[in-house]
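Architecture at a glance
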Amino acid sequence: MDYMKLAVDKTIEWMNENIGGPFGAAVVRGDEIIAVTGNRVIADTDPSQHAEMAAIREACQRLGTTDLSDCVIYATCEPCPMCVSVIIWSGIKEVYYCNTAEDAHKHGFSDLHLRDYLTGKDKSVLKMVKVPAREDCDYLFEHFHRLKENK
Ligand SMILES: [Zn+2]
């Protein structure tokens, strides 16, 4: 089965319906197709709805778990750092991609500012401010452990 082709076909279908941009993804477990999506940023008015995010959300909902460690993901384009993060959070250990971040950049879909921020090359895109310690924030961990103990 050509899983990349499934992702490509879904991407074209969703681009035609103005759901999202030229990116698609498929989550696969063994030879079972779990989720095939395109990018949903436009339709959902959601900057986090990249194809990989949409595919992982759909796969997790379908399987009823946040653990996709027995799955792999096919992405029509090299995943951006946000998607790489979620891929890792979900436990997926293999990504197959075709177009590169440089290809996307050439077509106006650059994630280079994000990559530069994360590598420390350019920290000007985001101001991160550590505020002084607060009891209410600190209490959240305590509350979590209390709930866990009472289960
Ligand atoms: Zn992404």
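Residues numbered from 1 in each chain as written. Predicted model: local features only at pLDDT ≥ 70, side-chain atom pairs only at ≥ 80, totals over all residues. Heavy atoms only, no water.

Concerning unusual backbone geometry
What counts, and what does not: Each helix is a run of H or I in the DSSP string that is no shorter than four residues. Each strand is a run of E no shorter than two, and both are numbered from the N terminus. Each residue gets one of three labels from its accessible area relative to the maximum for its type: buried under 20%, exposed over 50%, partly exposed in between, using a 1.4 Å probe on protein chains only.
The backbone of Asn-18 shows a phi angle near 60°, a positive value even though the residue is not glycine. Its place among the elements puts Asn-18 in the loop between α1 (3–16) and β1 (24–29). Despite not being glycine, Thr-45 has its phi angle at roughly 45°, a positive value. Relative to the helices and strands, Thr-45 resides in the loop between α2 (41–44) and α3 (51–63). With relative accessibility at 71%, the residue Thr-45 sits in the exposed group.

Observations regarding the coordination of the zinc ion
How we decide: Only nitrogen, oxygen and sulfur atoms qualify as donors, provided they sit within 2.8 Å of the metal or within 3.2 Å for Na, K and Ca; with water excluded from the atoms, sites may seem incomplete.
At this site the zinc ion is bound by His-50 (ND1), Cys-80 (SG) and Cys-83 (SG), with donor distances of 2.0 to 2.3 Å. When the donor residues of the zinc ion are listed from N- to C-terminus, their spacing reads H-x29-C-x2-C. Taken as a pair, His-50 in the loop between α2 and α3 and Cys-83 in helix α4 (residues 81–89) lie far apart in primary sequence, 33 residues in all. Judged by relative accessible area, which is 1%, Cys-83 ranks as buried.

Observations regarding the state of the cysteines
Test applied: Throughout, disulfides are identified as pairs of cysteine sulfur atoms within 2.5 Å of each other.
Overall, the coordinates contain zero disulfides when judged by the stated rule. Cys-98 takes part in no disulfide bond, and the closest cysteine sulfur to it belongs to Cys-77, at a distance of 8.7 Å.

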